[in-house]
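One-letter residues, chain by chain:
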Amino acid sequence: GENNGVFRVRRRVLNENSAVGAIVTSRVDRDGESNFVLGLDGSFRIAADDYLTIMWAQSTAADEGSAGVDVNRARAQARWERRTIEGIGYRFQIDHVGTDYRPGLGIQGRTGSTWAYSELRYGRLPAAPSPLYSDSFEVYLFAVRRTLDGVLDSARLAPQWVFETRSGWWGRISPRFSQENLAEPFELASGVVIPAGTYRTTWFKGEIRSPIGSWISGSLTTQFGEFYDGSFASVALGTTLRPGSRLDLSGTLEVTNGRFPAGRKRLDSRILRARALYTFSTKFSAAVLAQYSSANEAVSFNTRLRYNPREGVDVWLVYDE
């Protein structure tokens with residue numbers, strides 16, 4: 001019962017690595033309710049590896065009764081970054097989301113907030129006979145402040161080491177430090193309620209992935225530490241099989257256990273995903289994705305057929321359950 005539309009245009013300017021663009025999205029249902037978003041963006045190569053990106057978007061709904069530029073219905077972002085594998089790289093970004101910004105065809109997790117993000121990294125390409133192809137030492141920090149009361153909504157500091165071996169193994173190790181301010185309680189899963197308050201937590205995350213070029217590959221992700229006013233541990237194990245050049249089969253099992261003070265229900269979550277991709281030819285393929293979540297006992301299913309007659313042209317047929 002809806003008509004959805006997207007129009008996007010982008011043009012190269014100044015040099016081969018710079019461009020400006022615009023986007024318009026529309027969503028109109030059978031009752032005449034409508035939502036429109038206009039966006040403008042520009043990405044400019046300032047130096048050899050330095051880029052400046054500026055984006056702005058404005059949403060308008062039929063029941064808002066106003067037109068024109070309104071910061072409460074807008075989102076703006078500015079980002080300066082150095083894109084490099086070797087040596088010093090960085091990224092500095094600020095993002096403001098108005099209290100009434102509503103993208104009808106998109107997802108905006110938090111409105112009425114200002115985000116500040118910074119990342120600093122140092123990358124290396126070790127020479128042989130080192131088993132490492134590349135590694136980097138990184139640290140990122142972000143903070144989110146609510147517009148209405150000025151309270152620090154979320155913050156995170158995460159140093160990490162990322163590596164890739166010459167044989168194709170990839171990994172990441174990272175301790176993480178967070179602060180969350182919950183203005184009101186929320187239900188994390190059925191019967192698992194997190195009380196309002198300010199929480200400062202420390203946890204650890206580790207990931208490793210085997211070479212993806214072989215007929216079988218796998219990944220392991222583990223996390224554990226403090227979780228709001230309790231603790232948690234999580235393990236995710238993934239496997240991909242390639243029995244032939246046309247077929248990819250993959251599956252993931254993610255197990256999370258959370259513990260809270262006495263008298264509160266604990267969190268026991270299991271998520272199982274299975275995916276199959278078959279390529280009939282260079283122009284035609286089919287993919288199937290199924291997922292089960294024990295937190296809400298939900299099963300989701302997605303099938304996609306893709307026809308790609310030539311570069312830049314795609315036809316999709318999608319079924320969701």
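Coordinates for the structure precede this section.
The shown structure was predicted, so the numbers you read here are calculated from the model rather than taken from an experiment.

Asks: Let's hear about the packing of aromatic side chains: which residues, and what values?
Replies: Tallying each qualifying case throughout the model produces 13 aromatic pairs. Ring geometry for Tyr 117 against Tyr 140: centres 6.0 Å apart, planes inclined by 20 degrees, an arrangement best described as stacked. With a gap of 23 residues between them, Tyr 117 in strand β7 (residues 113–124) and Tyr 140 in strand β8 (residues 132–146) connect regions that are remote in the sequence.

Asks: I'd like a rundown of the pattern of salt bridges, residues and numbers included.
Replies: Considering all chains together, one arrives at 19 salt bridges under this definition. For the salt bridge of Asp 149 with Arg 146, the shortest nitrogen-to-oxygen distance reads 3.2 Å. Overall, Asp 149 belongs to the partly exposed group, its relative accessible area being 47%. Salt bridges here are not isolated pairs; linked through shared partners, they connect Arg 110, Arg 146, Asp 149 and Asp 153.

Asks: So, the nonpolar core: which residues are in play, and what are the values?
Replies: One finds Leu 182, Ala 189, Val 192, Ile 194, Tyr 199, Trp 203, Phe 227, Phe 232, Phe 260 and Leu 267 forming the largest nonpolar core, which totals 10 residues. Elements represented by at least two residues in this core include exactly β12 (192–194) and β13 (197–209).

Asks: I'd love a proper account of the side chain of Ser 285, names of residues and values included.
Replies: Within the element layout of this structure, Ser 285 appears in strand β18 (residues 284–293). Leave out the neighbours within four places in its chain, and Ser 285 touches Leu 277, Tyr 278, Thr 279, Phe 280, Arg 304, Leu 305 and Arg 306.

Asks: Go over unusual backbone geometry, please, and point to the residues and values.
Replies: In this structure, the amide linkage connecting Ala 128 to the following residue, Pro 129, adopts the cis form with an omega of 15 degrees. Counting through the fold element by element, Pro 129 comes out in the loop between β7 and β8. The phi dihedral of Leu 14 is positive, around 65 degrees, even though this residue is not glycine. With respect to the helices and strands, Leu 14 occurs in the loop between β1 (2–12) and β2 (19–29). Given the relative accessible area of 78%, Leu 14 is considered exposed. For Tyr 228, which is not a glycine, the phi torsion comes out positive at approximately 50 degrees. Within the secondary structure, Tyr 228 is located in the loop between β14 (216–227) and β15 (230–241).

Asks: Report on the pairing of β14, specifying residues and quantitative values.
Replies: With seven bridges joining them, β13 and β14 adopt antiparallel strand pairing. Each residue of the ladder has a partner; that of Lys 205, found in β14, is Gln 223. Between β13 and the antiparallel strand that follows it, β14, lie six residues. In this structure, β14 lies alongside β15, joined through 12 bridges in antiparallel fashion. Bridge pairing links Ser 217 to Thr 240 in β15. The loop that links β14 with its antiparallel partner β15 comprises two residues; one of these, Tyr 228, has a positive phi angle of about 50 degrees.

Asks: Describe the environment of Arg 275, naming the residues involved and giving the relevant values.
Replies: Along the chain, Arg 275 falls in strand β17 (residues 267–279). A C-alpha to C-alpha distance of 35 Å links Arg 275 and Glu 81, two positions 194 residues apart in sequence.

Asks: Describe a nonpolar patch on the surface, listing the residues and the values that go with them.
Replies: A cluster of nonpolar side chains, Ile 88, Leu 120, Tyr 122, Phe 137, Val 139, Leu 141, Leu 157 and Phe 177, forms an exposed patch at the surface whose accessible area comes to about 710 Å². Among the elements of the structure, β7 and β8 are those that each provide at least two residues to the nonpolar patch. Of all the elements, β8 adds the most residues to the nonpolar patch, at three residues. Of note, Phe 137 is situated in strand β8. The partly exposed category is assigned to Phe 137, whose relative accessible area is 42%.

Asks: Now, about the environment of Arg 246: what can you tell me, with residues and values included?
Replies: One can find Arg 246 in the loop between β15 and β16 (247–259). For the pair Arg 246 and Thr 282, spaced 36 residues apart in sequence, the C-alpha to C-alpha distance is 10.0 Å. For Arg 246, the contacting residues outside a window of four places in its chain are Leu 277, Tyr 278, Thr 279, Phe 280 and Ser 281. Here the side chain of Arg 246 touches Phe 280 through a polar contact of 2.3 Å, landing on its backbone oxygen.

Asks: Go over the pairing of strand β4 (residues 50–61) with me, naming the residues and quoting the values.
Replies: Consecutive residues of a regular strand have side chains that alternate between opposite faces of the sheet. Here strand β3 (residues 34–45) runs beside β4; their pairing, made up of 11 bridges, is antiparallel. When the sheet's bridge partners are listed, Asp 41 is paired in β4 with Met 55. If you look at the hairpin formed by β3 and β4, you'll find four residues sitting between the two strands. The pairing of β4 with strand β5 (residues 74–82) spans nine bridges and is classified as antiparallel. Bridge assignment links Gln 58 to a residue of β5, and that residue is Ala 74.

Procedures and definitions
Residues numbered from 1 in each chain as written. Predicted model: local features only at pLDDT ≥ 70, side-chain atom pairs only at ≥ 80, totals over all residues. Heavy atoms only, no water. Phe/Tyr/Trp six-rings, centres within 6.5 Å; stacked < 30°, edge-to-face > 60°. Helix = DSSP H or I, 4+ residues; strand = E, 2+ residues; numbered from the N terminus. Salt bridge = Lys/Arg side-chain N within 4 Å of Asp/Glu carboxyl O. Buried < 20%, exposed > 50% of the residue type's maximum accessible area, 1.4 Å probe, protein only. Core = buried A, V, L, I, M, F, W, Y, C linked by side-chain atoms within 4.5 Å. Contact = heavy atoms within 4.5 Å. Pairing = 2+ DSSP bridges. Patch = residues over 30% accessible without salt bridge, like charges linked within 9 Å, V, L, I, M, F, W, Y side chains within 5 Å. Areas by Shrake-Rupley, 256 points an atom, 1.4 Å probe, with all protein chains shown as cover. Polar contact = N/O pair within 3.5 Å; in protein donor to acceptor, adjacent residues only side chain to side chain.

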